Amino acid sequence: MTSEKTRKLSDSIARRPSHELHSGREYWRSLEEWHNPGLVRLKAEREFFDHAAEWTDPVSRRQFLKLMGASLALAGVTGCVRQPDETIVPFVRAPEEVIPGKPLFYATTMTEHGFGLGLLVESHEGRPTKIEGNPNHPASLGATDIFAQASVLTLYDPDRSQVVLHRGRISTWEAFVAALGAALQEQRAKKGAGLRLLTETVTSPTILWLIEQVLARFPEAKWHHFEPVTRDNVRAGTRLAFGQEVNVYYRFDAAEVIVSLDGDFLTSFPGSVRYARDFASRRRAPDGSFAFNRLYVLEPAPTLSGAMADHRIPVRASDIEDIARAIAQAIGVPGIPINPAFASSPLVTTVAQIVQDLQRHRGSSLVVVGEGQRPVVHAIAHAINHTLGNVGKTVFYTDPVAPHPSLQLESLHDLVEAMAAGQVEVLLILGGNPLFTAPVDFRFAERLGKVKLRIHVGLYADETAELCHWHIPEAHYLESWGDARAFDGTASLIQPLIAPLYGGKSVIEILAVVAGQPGRSAYELVREYWRTRVPSDQFERFWQTSLHDGVIAGSAFPARQPDLALPAIIERARESLEPPPVNNRGSAGSDSSLEIVLRPDPTIGDGRYANNGWLQELPKPLTKLTWDNAVHISPVLAERLGLRNEQIVEVRFRDRPVVRGPVWIMPGQANDSVLIHFGYGRRRAGRVGTGMGFDAYRLRASDALWFGSGVDLVATADRYPLACTQEHFLMEGRNLVRAAALGEYEQNPAFARMGHDLQPEKTLYPPVEADGPAWGMVIDLSACIGCNACVVACQAENNIPIVGKGEVLRGREMHWIRIDRYFEGEPTTPRIHHQPVLCMHCENAPCEVVCPVGATVHSREGLNEMVYNRCVGTRYCSNNCPYKVRRFNFLQYADTTTPSLKLMRNPNVTVRTRGVMEKCTYCVQRINAARIQAKKEDREIRDGEIVTACQAACPTQAIVFGNIADPTSRVARLKAHPLNYGILTELNTKPRTTYLAKLRNPYREVER
């Protein structure tokens, strides 16, 4: 497609309707709103989404009223309803440290793709109910992400594997140990020549120690490792750059200029929770103490890092290498060749200006690359950072955190080749689901069938377990002992908070059997490993301190400064300029300029969280889709191919199987890129995740794990409904998010309030008399990255149910916090903004005056409270709420019958039933707990003592809560900032939740 044709199509897409949409800045939430705002406003005229208020049960409304009339008549006769008999067991001998109603917190560690994230877990009478970050752990610093928050639901998931299976039938652990022992006895005679271990990424010191013991016992055995979100390119890039493998991590808080080449460092890197904190520390509301950092992101499809960029440039994934070469040459890296075709690229000017900015910030700049880019791109980035003098300042190197002699793709290839040759007699798959996630050209399922004894260990009896002789339920990390290392090598312990609910075994216990120690527990083995690292007379103190703190002091790997192997980088860079083989350019008739981009799903990851309802129903941060994946294309490509949202297309990529999926048009995507998220299409995920979406792994092969050219989209006449929340709970098209460049703020610090902060003096509301603290909240939009951690944290804290895809389609989702995503500018290259919206706790609350039963009331401390026992479900309050933050239980969404889910719920929060309105309460249960503690100690509540669930989870510290009546409190000081503004304040609601307007720091030389 010629650039002239692309320009014409872009102009066509950007052509606006003749009528006026907004005054001032124009923000929009969807392409439908961009093209036809009138239609969107018609949708918003109804209080609830289309068909949300209609009766959806198989009983008609007339029949329902008849039944209700009969029920009321019977109620008058009986006087009450007898509850079913239940058996209770008294807690006769309660431990001294257990006080009913008062939770305990324990430090532990969750591994994400092998790397440790330090956590504090809240436990009520032995039941873990809530996850918080560990402030002592370098990877979390007290924050979390969506996967850590949702992990407590996976713990109590009734669909988890609950029994040992042998050929699909229930068996026992003892029978498995006997069968494995007999097979290992045969392998002893062969020195383990037929024994293979397959794991995911491993950083656990104890597991690595046990694997060494297994390989010592069986010298001919081999250990393989693979997981779909592989960091092979990162590891291979360091080998190329330095002649050895090293671990790399970054200090974003020390970087003034950051260039991200297809790298979503805010969510997908090891250490992303920490990186988000460090990055946001340089995006705070300016007070003169430091300068804003500046972020450039070049990527094929929008990511959260791209949404935060001061300059985001949509480019094809395959063009990133040419851009890296051009930057390296201009920076002064000697010998790096550039692609001659790049000289005519429209990106040349932009790259030159980025280079100019990097040159001005030598030693305080940073270039990062995503895991999907080729090793040579990573090596070039290392050379750029070395040349700029960033090593030891913003870039740090250590010994490998996850040591393994081979790369994961090579390791898995060696395994499948050995299986095909009949060389594998005993295979232990310790976690993961390779039958579902392995590249299609490896034919894993076919070759797995040639293994004599196949054993699978996992949380679920998944696709891989189906083809294995034995399946062993794996213990959840909250049920088992272990250890792990963080992104910088810091080690921490994993301690259980509950006994295994379903008798699961940890990987440590399985390896102990293979190592000839079948009777030993994970607790004993973890202690034994660390005992050899600490003087014996200091061990117990070391152990107790490490468990208490959640981190092993002094265990981080020391920084190194490896020598740059520039000749090797130059040689590889020259080799990679050679054109690829003809058979890799796509099928006959395909457009080789159109490329496919494959990435893990933003909410269910690589598919391992498919059965987690919280994550399935969580709106994806940029598309706002739930319960599905889609084929993402740009508005220009959609017009070029004549495609519309939800239209099913056939995706044909080289010799891969044809995949069918619905289209979703995404503003800001590169015009010739087709983005598809893998992780969906599960066949054996559990009752929640099975059958949702389509399987994109079938498009993924060893020669194109992350992207590749030559993809065709063939339109069909079929459509598939996608549950998207981007137009739910509209607020009549008002400009609610406010953003400006740093220069605009310097000229007019109060820009966010001008023309908006009109608060009429006359009101029908009685004055609110101050009595004690006045609680309020400020959310800094410059720091908020839209990661959704607050949404899942609120769901876990407040027992918020999921409703399912069908109910989301009707606009009935129950999240108390929603994160509105706004676009600004043209659909081809828009800026992206995020704004969390929760109950504003208005001082003049419109919801309170219309409630006929006094279910929504104002507390003495300014909270807008809900009395669930009074609510009769009129929904008047929701109709009168201009912020659309109230949720109504149309149906009985909460599962009150599944025993394991009862254990999960926060006992301090009511579990709501059908027919009541609910919303954010500022975590009133936490406020009450702090008030009681302060009263017991005869003191005032301290500033910062109360931390709401959303505030605690936020990795960027964008949310601040406290007493606005105290002028010295942090929240009061932020409310006095010129950037502070409230939304819809012209309605005189006087919201207690306000925002700091978002600031950008664009480089004046760079054109958007």
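Here the structure is a predicted model, which means the values were calculated and not measured.

Thresholds applied
Residues numbered from 1 in each chain as written. Predicted model: local features only at pLDDT ≥ 70, side-chain atom pairs only at ≥ 80, totals over all residues. Heavy atoms only, no water. Helix = DSSP H or I, 4+ residues; strand = E, 2+ residues; numbered from the N terminus. Buried < 20%, exposed > 50% of the residue type's maximum accessible area, 1.4 Å probe, protein only. Contact = heavy atoms within 4.5 Å. 1 Å grid on protein atoms, 1.4 Å probe; cavity = no way out; pocket = protein on both sides within 12 Å on 5 of 7 lines; lining within 4 Å. Points joined across faces, edges and corners; volume = space filled by probe spheres on them. Nonpolar A, V, L, I, M, F, W, Y, C, P; charged D, E, K, R; others polar. Pairing = 2+ DSSP bridges. Axes fitted to C-alpha atoms, helices over the stretch in contact; angles between N-to-C directions. Salt bridge = Lys/Arg side-chain N within 4 Å of Asp/Glu carboxyl O. Parallel < 35°, antiparallel > 145°, perpendicular 65-115°, else oblique. Left-handed = near helix turned anticlockwise from the far one by under 90°. pLDDT = per-residue confidence, 0-100. Phe/Tyr/Trp six-rings, centres within 6.5 Å; stacked < 30°, edge-to-face > 60°. Lys NZ or Arg CZ within 6 Å of the ring centre and 35° of its normal. Disulfide = S-S within 2.5 Å.

Student: Is there a simple way to think about the overall build of the chain in this case?
Tutor: For the chain, the helix and strand inventory stands at 32 helices and 40 strands. Looking at the chain as a whole, 61% of its 1008 residues are labelled buried. In the chain, once contacts between residues fewer than 6 apart in sequence are set aside, the share between residues at least 24 apart is 75%.

Student: Just to check I follow, could you spell out the layout of surface pockets for this structure?
Tutor: Over the atoms rolls a probe the size of a water molecule, and its path tells where empty space is left. Estimated volume of the second largest pocket: approximately 1,200 Å³. If you trace the second largest pocket, you find 35 residues lining it, with Phe 105, Arg 926, Ala 929, Glu 945 and Val 947 closest to the centre. For the lining of the second largest pocket, the elements supplying multiple residues, two or more each, are β3 (115–124), β4 (127–133), α30 (924–936), α31 (949–953) and β37 (959–963). No other element matches α30, which puts nine residues into the lining of the second largest pocket. Its residues assigned to classes, the lining of the second largest pocket comprises 16 nonpolar, 10 polar and nine charged.

Student: When you look at the sheet that holds strand β10 (residues 257–261) in this model, what are you seeing that I'm missing?
Tutor: Strands belonging to one sheet form pairs held by backbone hydrogen bonds; the direction of such a pair is parallel or antiparallel. If you trace the four strands from one edge of the open sheet to the other, you get β12-β11-β10-β13, paired in parallel fashion. The open sheet is flanked by β12 (311–314) and β13 (365–369), the only strands paired with a single partner. On average, each strand axis in the sheet is tilted by 10 degrees relative to the strand beside it, whichever way the strands run. One ladder, built from five bridges, connects β10 with β13; its direction is parallel. Bridging from a neighbouring strand, Ile 258 pairs with Leu 366 of β13.

Student: It is not clear to me how the side chain of Thr 303 should be interpreted in this structure. Could you clarify?
Tutor: In this fold, Thr 303 is placed in the loop between β11 (294–299) and α10 (304–307). Beyond its immediate stretch of four places on either side in the chain, Thr 303 contacts Asp 264 and Leu 622.

Student: I would appreciate a short explanation of the pairing of strand β31 (residues 818–824) in the present structure.
Tutor: Of all seven residues in β31, seven are buried, a share of seventy percent or more. The two faces of β31 match: Arg 818, Asp 820, Tyr 822 and Glu 824 on one face and Ile 819, Arg 821 and Phe 823 on the other face are all buried. Bridge count for β31 against strand β32 (residues 831–837) is seven bridges, and the pairing is antiparallel. Across the sheet, Arg 818 pairs through a bridge with Val 837, a residue of β32.

Student: Could you clarify how one ought to interpret the pattern of salt bridges in this entry?
Tutor: A pair can form between side chains of opposite charge whenever their charged atoms are brought close. Following the criterion strictly, the structure yields 48 salt bridges and no others. Close ionic contact of Asp 672 with Arg 640 constitutes a salt bridge, the shortest N to O distance being 3.1 Å. Remark: Arg 640 occurs in helix α23 (residues 635–641) and Asp 672 occurs in the loop between β24 (659–665) and β25 (673–678); sequence separation between them is 32 residues. Since its relative accessible area comes to 27%, Arg 640 is described here as partly exposed. Via salt bridges that share partners, Lys 130, Glu 132, Glu 797 and Arg 926 belong to a single interconnected network.

Student: I'm lost on helix α5 (residues 146–155) in this one. Help?
Tutor: A turn of α-helix holds 3.6 residues, and therefore any two residues three or four places apart point the same way. By the criterion of burial, α5 is predominantly enclosed, with 10 of the 10 residues buried. Within α5, burial applies to Ile 146, Phe 147, Ala 148, Gln 149, Ala 150, Ser 151, Val 152, Leu 153, Thr 154 and Leu 155.

Student: Teacher, can you tell me more about the pairing of β32 here?
Tutor: For a regular strand, side chains alternate in direction, first toward one face of the sheet and then toward the other. In terms of burial, β32 is a largely internal element, seven of the seven residues being buried. Of the two faces of β32, the one lined by Arg 831, His 833, Gln 835 and Val 837 and the one lined by Ile 832, His 834 and Pro 836 are each fully buried. In this antiparallel pair of consecutive strands, β31 and β32, the connection spans six residues, and Gly 825 shows a positive phi of 100 degrees.

Student: Help me out: how do you make sense of the packing of helix α19 (residues 522–531) against helix α20 (residues 539–549) in this one?
Tutor: Angle between the axes and distance between the axes are the two parameters that describe a pair of packed helices. For the pair α19 and α20, the least separation of the axes is 11 Å and the interaxial angle reads 120 degrees. Put simply, α19 runs oblique to α20. Handedness of the crossing formed by α19 with α20: right-handed. Together, Tyr 523, Val 526, Arg 527, Trp 530 and Arg 531 of α19 and Phe 539, Glu 540, Phe 542 and Trp 543 of α20 make up the contact between the two elements. Here the residues of the contact of α19 with α20 sort into six nonpolar, no polar and three charged.

Student: Is there a simple way to explain the sheet that holds strand β16 (residues 453–458) in this structure?
Tutor: Spatially, seven strands are ordered β6-β5-β17-β16-β15-β7-β8 in an open sheet, and the strand pairing comes out mixed. Bordering the open sheet on either side are β6 (169–171) and β8 (222–225), each of which pairs with just one other strand. If you compare each strand with its neighbour and ignore which way they point, the axes differ by 20 degrees on average. Judged from the five bridges that link them, strand β15 (residues 426–430) and β16 form a sheet pairing that is parallel. Bridge assignment links Leu 430 to a residue of β16, and that residue is Val 457. The strands that helix α7 (residues 205–217) touches are β7 (195–199) and β8; relative to β8, the one it contacts most, it runs at about 145 degrees.

Student: Any chance you could explain the confidence of the model for the chain here in plain terms?
Tutor: Interpretation of this model should avoid reading the predicted coordinates in detail wherever pLDDT is low. Residues of the chain with pLDDT of at least 70 account for 86%, and the chain-wide mean is 86. Contacts from residues 9–24, a stretch scored under 50 in pLDDT, to residues over four places away or in other chains number 35 contacts. In the model, residues 64–68 has pLDDT below 50 throughout and makes three contacts with residues more than four positions away in sequence or in other chains.

Student: Explain the packing of aromatic side chains to me, please; I cannot follow it from the model alone.
Tutor: The relative placement of two aromatic rings is captured by the distance of their centres and the angle of their planes. Evaluation of the coordinates by the stated rule reveals 28 aromatic pairs. Between Phe 678 and Tyr 697, the ring centres sit 4.8 Å apart and the planes meet at 40 degrees, which makes this aromatic pair tilted. Remark: Tyr 697 occurs in the loop between β25 and β26 (707–709) and Phe 678 occurs in strand β25; sequence separation between them is 19 residues. Both residues of the pair, Phe 678 and Tyr 697, count as buried. The rings of Tyr 249, Tyr 250, Phe 252, Phe 265, Phe 269, Tyr 275, Phe 279, Phe 396 and Phe 487 are connected pair by pair, giving a single aromatic cluster. Over the aromatic face of Trp 543 sits the side chain of Arg 527, whose NZ or CZ is 5.2 Å from the ring centroid. Taking NZ or CZ as reference, Arg 875 lies 5.3 Å from the ring centre of Phe 888, over its face.

Student: Is there a simple way to explain the state of the cysteines in this structure?
Tutor: Taken as a whole, this structure holds zero disulfides when the rule is applied. The thiol of Cys 851 is unpaired, and the distance to the nearest cysteine sulfur, on Cys 877, comes to 6.3 Å. Between Cys 871, a free cysteine, and Cys 877, which holds the nearest cysteine sulfur, the sulfur-to-sulfur gap is 6.4 Å.

Student: Explain unusual backbone geometry to me, please; I cannot follow it from the model alone.
Tutor: A negative phi angle characterises most non-glycine residues, just as the trans form characterises most peptide bonds. For Leu 141, which is not glycine, the phi torsion reads 50 degrees and is therefore positive. The topology assignment puts Leu 141 in the loop between β4 and α5. Of note in this structure, Glu 646 is not a glycine but carries a positive phi near 75 degrees. Mapped onto the fold, Glu 646 is located in the loop between α23 and β23 (647–653). The exposure class of Glu 646 is partly exposed, given its relative accessible area of 22%.

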